[in-house]
Amino acid sequence: MLIKRPGDVRASEITPSRVYLRRREFVKAGLAALAGATGVLGGSIAAAQGGAAKLTGIKKSGYSTMEQATSYKDVTSYNNYYEFGTEKDDPATYAQKLKTRPWAVVVEGEVKRPKTFGIDELMKFPLEERVYRLRCVEGWSMVIPWVGFEFRRLAEQVEPTGKAKFVEFVTALQAETMPGVRRPVLEWPYLEGLRIDEAMHPLTLLAVGLYDEVLPKQNGAPIRLVVPWKYGFKSAKSIVRIRFVEKQPRIAWEKAASNEYGFYSNVNPEVDHPRWSQATERRIGQDGLFTPKRKTLMFNGYGDQVASLYTGMDLRKFF
Amino acid sequence: MAVSDEPSSRARLRSRPPAVLSPAVFAWTKAVIFVLCLGPLARLVVGAPLDLLGVNPVETIRRSTGTWTLVFVLATLSVTPLRRFTGWHWLARLRRMLGLYAFFYAVLHLISYIWLEQFFDGAAIVKDIVKRPFITIGFAAFAMMVPLAVTSTDAMVKRMGGKNWTALHRLVYVLAVCGVIHYWWLVKRDITQPAIYGLVLLFLLAYRAVSAFRKRSA
């Protein structure tokens, strides 16, 4: 009898994560009887796989949405990452040169124990899968199975002081690998920020992976923020520095156009962007050409969890 | 019809195509250009069912039809200067077709907005036109194209009289400017693309301003 050892299994023979993640659909579709054929199905889709290193020991999370995830191909080929260009396909084309090793994240400011975390150390945090909705300020949305850990787990290690009212996220600026930073489209390095209670919220994630694999570069490798109830640009990519500060930071998009992009930038169908409505959105890869756009939900559907953060605030003023 | 422009000595050295094409050659040239101008539409019609329009096909359709409207407006405006520089007077007889293609792609652009973007939500469309300056000006540009398309036939030129017809069709300068501003106002941050169209338009308008000034002072 031939017993295959793990080393004998080629990567191309392993069912890609996006296939097995959608296994329930196959079952629903009545394909359960054809279980034996899934290997064949998997093999045919394997060519499209990113081929990034697999992450293991990932826990599932109750915070995940049950909605159908956007395909790996769409999530990794339609990105806003202006350091690599302003077209949606620029990041996938140009980000591959981004140097993600060695990588360190300096955590400093109003904390008792400032610390620099090496990327390998960060990868050792207990990892969870969080399937979150992502709503871009431009009016499209995706559903993305991130892999990461809650930001507050990192914060606990550095012990923020009472003066820490906000958290600032500084992202990588690699002039030699980032063609987009030659032009002053935004202020580089890209800077984002959250109020401390937003940052410490259990939904706020530091992601290191996608679809059970190491985060692709165009999606903000090696480590990025994910704040699912805010517009996508709030979720800073390729973070190198996290600063706990007393004053509200002025974020990159606010500096670029403060009348259009505010510090909070919570997903809000009632507060339009000055140039377009935010009432509806197009779900990438799932809404057909002739399907009307779907309604955008308050706080991107995370109102039950986060609305209390903003009690008594005028969300038109603090947009 | 004589070739009135004096060719420069350098231009004379190059072998130039004749300023006057035989009817058969012209008909063929026009037919080829007519088919080529359908290329952008063919790409969308073929690409949509084959999933070749990228991750966000609606965005691709909207951008492509808008871009080609601008390209055809600028191409229409390029006919006169190009004719003067090259001496190819037959170019003038392609101008109407190019202008109508600009209108054709503008109609597709508008349909993509009304159907794919707003899904015939009249209230939302009216709100957009009133509230969003880039849509207001884009819609204004389209509205200006309508009378130009309607009066593009020979019969209409005759009916209106050359002078009136020319005066009306000067609207193309205004709508071209509106079109570029429409593009400029809608981009999120990076204005490179609209700036390129703006520069080309500026050059084409400056050419006319200079020649009008020369004519007057001559």
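All of the points below concern the structure found in this document. These numbers were taken from a predicted model, which means no experiment stands behind them.

Parameters and conventions
Per-chain numbering applies: the sequence of each chain, read as written, is numbered from 1 onward. Each chain gets a letter, beginning with A, and each ligand a number, beginning with 1, in the order they are written. With the structure being a predicted model, the display of local features is reserved for residues of pLDDT at least 70 and the display and counting of side-chain atom pairs for 80 or more, all residues being used for whole-chain, interface and lining totals. If DSSP finds at least two bridges between two strands, the strands pair. Counting from the N terminus, the helices are DSSP H or I runs at least four residues long and the strands are E runs at least two residues long. The nonpolar core criterion groups buried Ala, Val, Leu, Ile, Met, Phe, Trp, Tyr and Cys residues into a set whenever they are joined through C-beta atoms within 7 Å. The exposure label follows from counting other C-beta atoms within 10 Å of a residue's C-beta, where the C-beta atoms are placed from the backbone and the thresholds are 20 or more for buried and 12 or fewer for exposed, leaving partly exposed in between. Distance between backbone-placed C-beta atoms decides contact: two residues are in contact if it is within 7 Å. Each residue gets one of three labels, nonpolar for Ala, Val, Leu, Ile, Met, Phe, Trp, Tyr, Cys and Pro, charged for Asp, Glu, Lys and Arg, and polar for the others, Gly among them. Where helices are involved, their axes are fitted lines through C-alpha atoms of the stretch in contact, as for all axes, and angles between N-to-C directions lie from 0 to 180°. When an angle is under 35 degrees it counts as roughly parallel; over 145 it counts as roughly antiparallel; between 65 and 115 it counts as roughly perpendicular; any other value is oblique. The handedness criterion is simple: a crossing whose near helix is rotated anticlockwise from the far helix by less than a right angle is left-handed, and one whose near helix is rotated clockwise is right-handed. In this scheme, a helix's expected span is set at 1.5 Å multiplied by one less than its residue total.

### With respect to the pairing of strand E11 (residues 280-283) of chain A
All names here are of chain A. With two bridges connecting them, strand E4 (residues 140-150) and E11 associate as parallel partners. Counted as the bridge partner of Trp140 is Arg282 from E11. In the sheet, E11 pairs with strand E12 (residues 294-295) via two bridges, with the strands oriented antiparallel. In the sheet register, Thr280 faces E12, and the bridge partner there is Lys295.

### Structural notes on the nonpolar core
Among the nonpolar cores identified, the biggest contains 68 residues, and Ile144, Trp146 and Ala207 of chain A are the most heavily contacted of them. Counting residues per element, this core draws most heavily on E4 of chain A, at seven residues. Residues in contact with Ala207 of chain A, not counting those within four places in the same chain, are Trp146, Val147, Gly148, Leu215, Arg224 and Val226 of chain A. By size, the runner-up hydrophobic cluster in this structure holds 23 residues, among which are Cys37, Leu70, Tyr105 and Tyr183 of chain B.

### Considering the interface of chain A and chain B
Counting residues at the interface gives 18 residues for chain A and 14 residues for chain B. Broken down by class, the residue content of the side of chain A that touches chain B amounts to nine nonpolar, four polar and five charged.

### Quick look at unusual backbone geometry
Residue and element names in this part refer to chain A. Each neighbour pair has its own omega, and for Arg101 with Pro102 the value is -10°, a cis peptide bond. Cis geometry is found at the peptide bond from Ala221 to Pro222, where omega equals 0°. In this structure, Tyr211 takes a positive phi of about 50° despite not being glycine. Mapped onto the elements of the fold, Tyr211 is located in the loop between strand E7 (205-210) and strand E8 (213-214).

### Side note on the sheet that holds strand E10 (residues 239-245) of chain A
Residues and elements named next belong to chain A. Across the sheet, five strands lie side by side as E2-E1-E10-E5-E6; this open sheet has mixed pairing. Each of the sheet's edge strands pairs with one partner strand only, and the pair in question is strand E2 (115-118) and strand E6 (191-195). The average undirected angle you get between the axes of adjacent strands in this sheet is 15°. Where strand E1 (residues 104-109) meets E10, four bridges bridge the pair, whose relative direction is parallel. Counterpart to Glu108 in the pairing with E10 is Arg243.

### Quick look at the packing of helix H4 (residues 57-86) of chain B against helix H5 (residues 95-117) of chain B
Residues and elements named next belong to chain B. Where H4 contacts H5, the axes come no closer than 8 Å and their chain directions differ by 160°. Relative to H5, the element H4 lies roughly antiparallel. The two elements H4 and H5 cross, and the hand of that crossing is left-handed. Split into classes, the residues belonging to the contact of H4 with H5 amount to 15 nonpolar, seven polar and three charged.

### What about H5 of chain B?
Residues and elements named next belong to chain B. End to end, H5 covers 32 Å across 23 residues, agreeing with the expected 33 Å (1.5 Å per residue, within 8%). Considering only its buried residues, H5 is in contact with helix H2 (23-37), H4 and helix H7 (133-150). Where H5 terminates, the next one or two residues include Phe119, which has phi positive at roughly 50°.

### A short note on the environment of Leu154 of chain A
Residue and element names in this part refer to chain A. The topology assignment puts Leu154 in helix H7 (residues 151-158). Assessed through the 19 C-beta atoms surrounding it within 10 Å, Leu154 is described here as partly exposed. Distance from Leu154 to Phe125, taken between C-alpha atoms, is 8.5 Å for residues 29 residues apart in sequence. Apart from residues no more than four positions distant in its own chain, Leu154 is found in contact with Val107 and Leu206.

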